[in-house]
Amino acid sequence: MKYMNYIAADSAPEVATSAIKLHGESGFQGMRAAGRLAAETLDFIAPHVVPGATTDEIDALCRDFVADRGALSAPFMYRGYPKSICTSVNHVVCHGIPGPRRLKEGDILNIDVTPILDGWHGDTSRMFLLGEVSVRARRLVDVTYEALLLGIAQVKPGNRLGDIGHAIQQYAEGQRCSVVTEFCGHGLGRVFHDAPNVMHFGRQGSGDELREGMIFTIEPMINLGRPDTKVLDNGWTAVTRDRTLSAQFEHSVGVTADGVEIFTLSPKGYTKPPYNE
Ligand code: MF3
Ligand code: CO
Ligand code: CO
């Protein structure tokens, strides 16, 4: 039996497929607008991420920001997820659910937003620091951001998915951090989570070839301690088993004729904290 590994997005159904969708100019245009709105949402929320704020308040602000711009928040009711964004504090690896807990000085927080604009998903996350954080927390955040950039630098036609994972793992482990293996980046577009899975570890030259028109996220989760995670009883919140700090950054990217286009760059030029104008 012969299986297709890639399919022109325009001839694919608007559901997750095992084949990797190759998008044309209309897909890139849709992702530019959705990605910009996602990045604008994180730009907008930055001044609200202060000690004493609750993650519920941050969720409501992001929810309304996105809704006011005619977009949906993809996480809301996605497989039963109860909120509009994910807020992952300290040892929470990903999929932290906003709640009444107040942020406090020294916390580190990932905010992950995914607005759907005109049917296209813009998926991005950044780390935020609450006041003065420990030196090792700061270092973890810096290492994680650099790991994302090194992964993105591997994106060009002819390279393979394993080149992305390898670059991330090689760097993070060289910095005496560990890479979470239970969660990965993903294809996206008019579908939230689509093929391919984008691992944040791997072997150079392994995995599917990157082709022009592919659109996916890279979203490494890096831990200060062991890589092992577990999901809490709410069915969503992933934490480090050893309760050491975890950090994550995420961009949505597209493979161009000669490299990469990042759809979720900050219009304010925000990259990693601190976020000052
Ligand atoms: N935005 C997350 C990602 O990067 C997914 C969140 S799904 C949710 O893929 F249901 F947890 F919100
Ligand atoms: Co994602
Ligand atoms: Co995300």
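This text gives an overview of the structure that appears in the document. (Residues numbered from 1 in each chain as written. Chains lettered and ligands numbered in written order. Predicted model: local features only at pLDDT ≥ 70, side-chain atom pairs only at ≥ 80, totals over all residues. Heavy atoms only, no water.)

Let us now look at the sheet that holds strand E3 (residues 72–73). Backbone hydrogen bonds are what pair the strands of a sheet, in a parallel or an antiparallel way. As summarised here, the arrangement of the three strands in space is E3-E7-E8, forming an open sheet in which the pairing is antiparallel. The sheet is open, and its two borders are formed by E3 and strand E8 (120–121), each paired with just one other strand. Sheet topology places strand E7 (residues 115–117) next to E8; two bridges connect them, and they run antiparallel. From the neighbouring strand, Ile-116 faces E8, where its bridge partner is His-121. (Pairing = 2+ DSSP bridges. Helix = DSSP H or I, 4+ residues; strand = E, 2+ residues; numbered from the N terminus.)

Below, the discussion takes up the pattern of salt bridges. Across all of its chains, the model carries 13 salt bridges by this definition. Among the salt bridges present, the one from Arg-32 reaches Glu-261, with a minimum N-O distance of 2.6 Å. Here Arg-32 is found in helix H1 (residues 25–45), whereas its partner Glu-261 is found in strand E19 (residues 260–262), with 229 residues between them in sequence. Judged by its relative accessible area of 33%, Arg-32 is partly exposed. A salt bridge links Asp-107 to Arg-101; its shortest N-O distance comes to 3.9 Å. The class for Asp-107 is buried, based on a relative accessible area of 1%. Taking relative accessible area as the criterion, Arg-101 reaches 42% and is therefore assigned partly exposed. (Salt bridge = Lys/Arg side-chain N within 4 Å of Asp/Glu carboxyl O. Buried < 20%, exposed > 50% of the residue type's maximum accessible area, 1.4 Å probe, protein only.)

Scanning all chains against the criterion turns up seven aromatic pairs. Between the aromatic rings of Tyr-145 and Phe-249, the centroid separation amounts to 5.1 Å while the plane-to-plane angle is 70°, which identifies the pairing as edge-to-face. Of the two residues, Tyr-145 is situated in helix H3 (residues 135–152) and Phe-249 in the loop between strand E17 (246–248) and strand E18 (251–255); the sequence distance between them amounts to 104 residues. Taken individually, Tyr-145 and Phe-249 each receive the classification buried, so the pair is uniform in this respect. (Phe/Tyr/Trp six-rings, centres within 6.5 Å; stacked < 30°, edge-to-face > 60°.)

Time to look at the nonpolar core. Soluble globular proteins: nonpolar side chains tend toward being buried together. Counting 50 residues, the largest nonpolar core has Val-49, Ile-58, Ile-108, Ile-111, Ile-164, Phe-216 and Ile-218 as the members making the most contacts within it. Once residues lying within four places of it in the same chain are set aside, the contact partners of Ile-111 are Leu-42, Ile-45, Val-49, Ile-58, Ile-85, Cys-86, Thr-87, Thr-124, Ser-125, Arg-126 and Phe-128. Counting residues in hydrophobic clusters, the runner-up holds 12 residues, among them Ala-34, Phe-65, Ala-71 and Ile-215. (Core = buried A, V, L, I, M, F, W, Y, C linked by side-chain atoms within 4.5 Å. Contact = heavy atoms within 4.5 Å.)

Only Asp-112 (OD), Asp-112 (OD), Asp-123 (OD) and Glu-250 (OE) from the protein coordinate the cobalt ion (ligand 3), and they sit 2.0 to 2.3 Å from it. In this structure, the cobalt ion (ligand 3) is coordinated by six donor atoms arranged in irregular fashion, with angles at the metal of 59 to 169°. Between the cobalt ion (ligand 3) and the cobalt ion (ligand 2), a spacing of 3.3 Å is present, and a bridge between the two is formed by Asp-123. One end of the pair, Asp-112, is in strand E6 (residues 108–113); the other, Asp-123, is in the loop between E8 and strand E9 (124–129), and 11 residues separate them in sequence. Considered together, Asp-112 and Asp-123 belong to a single accessibility category, that of buried residues. (Donors = N, O, S within 2.8 Å, 3.2 Å for Na, K, Ca; no water. Tetrahedral: all angles 85-135°; square planar, octahedral: opposite > 155°, others 65-115°.)

In this section: the sheet that holds E6. What the three strands build is an open sheet, ordered E4-E6-E9; its pairing is antiparallel. Of all strands in the sheet, those with a lone pairing partner are strand E4 (86–89) and E9, marking the two edges. Sheet twist, expressed as the mean angle between neighbouring strand axes with direction ignored, is 20°. Where E6 and E9 come together, six bridges link them in antiparallel fashion. Directly across from Ile-108, in E9, lies its bridge partner Leu-129. This element, H1, spans E6 and E9 of the sheet and lies at about 15° to E9. (Axes fitted to C-alpha atoms, helices over the stretch in contact; angles between N-to-C directions.)

So, about helix H2 (residues 55–68). Taking 1.5 Å of rise per residue, the 14 residues of H2 would be expected to cover 20 Å, and the 20 Å separating its terminal C-alpha atoms lies within 8% of that figure. For H2, the secondary structure elements touched by its buried residues are H1, E3, E4, E6 and E7. (Expected span 1.5 Å × (residues − 1).)

In this section: the pairing of E4. Both faces of E4 are covered, namely the face carrying Cys-86 and Ser-88 and the face carrying Thr-87 and Val-89. In this sheet, E6 lies alongside E4 in antiparallel orientation, the contact comprising four bridges. From the neighbouring strand, Ser-88 faces E6, where its bridge partner is Asn-110.

Evaluated as defined, the whole model comprises one cavity of 30 Å³ or more. Counted as a void, the largest cavity has a volume near 40 Å³. Lining of the largest cavity is provided by Cys-62, Arg-63, Val-66, Ser-73, Ala-74, Pro-75, Ser-84, Ile-85, Val-113, Thr-114 and Pro-115. Ranked by residue count, the leading element in the lining of the largest cavity is H2, at three residues. Classifying every residue of the lining of the largest cavity gives seven nonpolar, three polar and one charged. (1 Å grid on protein atoms, 1.4 Å probe; cavity = no way out; pocket = protein on both sides within 12 Å on 5 of 7 lines; lining within 4 Å. Points joined across faces, edges and corners; volume = space filled by probe spheres on them. Nonpolar A, V, L, I, M, F, W, Y, C, P; charged D, E, K, R; others polar.)

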